[in-house]
Amino acid sequence: MAGKTYIVEHLDDELGPWSELEYVTIAKESHEAGAKFCLSSVPSSLVLPEALKAVPGFTVDGRSVETLYAEDKSRVCLLDPSATKELSPEDGETFDVFLFGGILGDDPPRDRTSELRKKGFEGRRLGPKQMTTDTAVRVTRLVAQEKIPLDDIQYVDYPELRINKNESTEMPFRYVKGKNGQSIMPEGMIELIKKDSEKGFGDLF
Ligand code: SAM
């Protein structure tokens, strides 16, 4: 099946620096992979970061995905940590639209993906561990577009980031392992984590 679309339905009230870095990364990687990326459910009051608007191919829609695909629900696969079926390369033939919750990860997870689940889209899981949204899109692309089975992808779970010489912090997520053996994170994310960790993490994920 040609041409995939990745939709992130923005579910937070704001679009802070963590989301910005994640969305910019999703937009760039989607464009490079010949796929479309749409950020949906964006209120007109929300000012989008220039860095995001500048990515070629990036689109934004004020409507929710249930409106966008009201007539075409069966084309859409919701990536859902509570789904009973894992995503497989064959799903790339069944679906051409992959839907994700635009939610920052939290620990323990609060299951805000349920807001999308109740709209009735077919769901698939990406394994048992919580991923950041950009990681979830990356893994979906590897499976549905590049046909790599979920279990053949190399991951880094809960990486420890050194903040300074006395402190480190554990990220409570699963990431894809890069060529250098390190977890793949959006450009600028490590610096942002270090900066924010000085304020205390609290609700930051
Ligand atoms: N704690 C979150 C929640 O409230 O549901 C998980 C949010 S996660 C950071 C953002 C999005 O990535 C989810 O809405 C889902 O679409 C996708 N995602 C992350 N991990 C996943 C997994 N293991 N399986 C399927 N989808 C996943």
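- As recorded in an unreviewed UniProt entry, the chain goes by Probable DUF431 domain protein and comes from Phialocephala subalpina.

### Regarding the packing of aromatic side chains
Right, so step 1: Enumeration according to the criterion identifies 5 aromatic pairs in this entry.
Right, so step 2: Here the aromatic rings of phenylalanine 95 and phenylalanine 98 are separated by 6.4 Å at their centres, their planes lie at 70°, and the arrangement is edge-to-face.
Right, so step 3: Looking at phenylalanine 95, the relative accessible area reads 3%, which means it is buried.
Right, so step 4: Judged by relative accessible area, phenylalanine 98 falls into the buried class, the value being 0%.
Right, so step 5: One aromatic cluster is present, built from ring pairs that chain together Tyr6, Phe95, Phe98 and Phe100.
Right, so step 6: Taking NZ or CZ as reference, lysine 73 lies 5.4 Å from the ring centre of phenylalanine 121, over its face.
Right, so step 7: The ring of tyrosine 155 has arginine 174 sitting right over it, with the charged end atom 4.3 Å from the ring centre.

### Things to note about the nonpolar core
Right, so step 1: Leu39, Phe98 and Val139 are the most contacted members of the largest nonpolar core, which has 34 residues in total.
Right, so step 2: Of the residues forming this core, the biggest block, 6 residues, is contributed by helix 6 (residues 133–145).
Right, so step 3: Leaving out residues up to four positions away in the same chain, phenylalanine 98 has contacts with Lys4, Thr5, Tyr6, Ile7, Cys77, Leu79, Leu87, Asp91, Gly92, Thr140 and Ala144.

### Things to note about the site of the ligand
Right, so step 1: Near the ligand lie 22 residues; those nearest to it are Leu79, Asp106, Arg112, Thr113 and Gln130.
Right, so step 2: Here a nitrogen atom of the ligand sits 2.7 Å away from a polar atom, N or O, in the side chain of glutamine 130.
Right, so step 3: Bound to the protein, the ligand loses 99% of the 570 Å² it would expose on its own.
Right, so step 4: Going through the elements one at a time, strand 5 (97–102) and helix 6 are the ones with two or more residues in the shell around the ligand.
Right, so step 5: By residue class, the composition of the shell around the ligand is 8 nonpolar, 6 polar and 8 charged.

### Quick look at the sheet that holds strand 3 (residues 58–60)
Right, so step 1: Overall, parallel pairing links the 6 strands, which are arranged 3-2-1-5-4-6 in an open sheet. The open sheet has two free edges, formed respectively by strand 3 and strand 6 (122–124), since each of these has just one partner strand. Averaged over all neighbouring strand pairs, the angle between strand axes comes to 30°, with direction disregarded.
Right, so step 2: Relative to strand 6, strand 4 (residues 76–79) is paired through 3 bridges, and the arrangement is parallel. Of the residues in strand 6, the one forming a bridge with cysteine 77 is glutamate 122.

### A word on the pairing of strand 2 (residues 36–40)
Right, so step 1: Of all 5 residues making up strand 2, 4 are buried, and the element is well covered by its neighbours.
Right, so step 2: Sheet analysis places strand 1 (residues 5–10) next to strand 2, joined by 5 bridges and oriented parallel. The residue of strand 2 that forms the bridge with tyrosine 6 is phenylalanine 37.
Right, so step 3: With helix 1 (residues 17–32) bridging strand 1 and the parallel strand 2, this β-α-β connection has right-handed handedness.
Right, so step 4: Note that strand 2 and strand 3 share 3 bridges and pair parallel. Bridge pairing links cysteine 38 to threonine 59 in strand 3.

Thresholds applied
- Residues numbered from 1 in each chain as written.
- Predicted model: local features only at pLDDT ≥ 70, side-chain atom pairs only at ≥ 80, totals over all residues.
- Heavy atoms only, no water.
- Phe/Tyr/Trp six-rings, centres within 6.5 Å; stacked < 30°, edge-to-face > 60°.
- Buried < 20%, exposed > 50% of the residue type's maximum accessible area, 1.4 Å probe, protein only.
- Lys NZ or Arg CZ within 6 Å of the ring centre and 35° of its normal.
- Core = buried A, V, L, I, M, F, W, Y, C linked by side-chain atoms within 4.5 Å.
- Helix = DSSP H or I, 4+ residues; strand = E, 2+ residues; numbered from the N terminus.
- Contact = heavy atoms within 4.5 Å.
- Near = heavy atom within 4 Å.
- Polar contact = N/O pair within 3.5 Å; in protein donor to acceptor, adjacent residues only side chain to side chain.
- Areas by Shrake-Rupley, 256 points an atom, 1.4 Å probe, with all protein chains shown as cover.
- Nonpolar A, V, L, I, M, F, W, Y, C, P; charged D, E, K, R; others polar.
- Pairing = 2+ DSSP bridges.
- Axes fitted to C-alpha atoms, helices over the stretch in contact; angles between N-to-C directions.
- Right-handed = clockwise from strand over helix to strand, strands pointing away.

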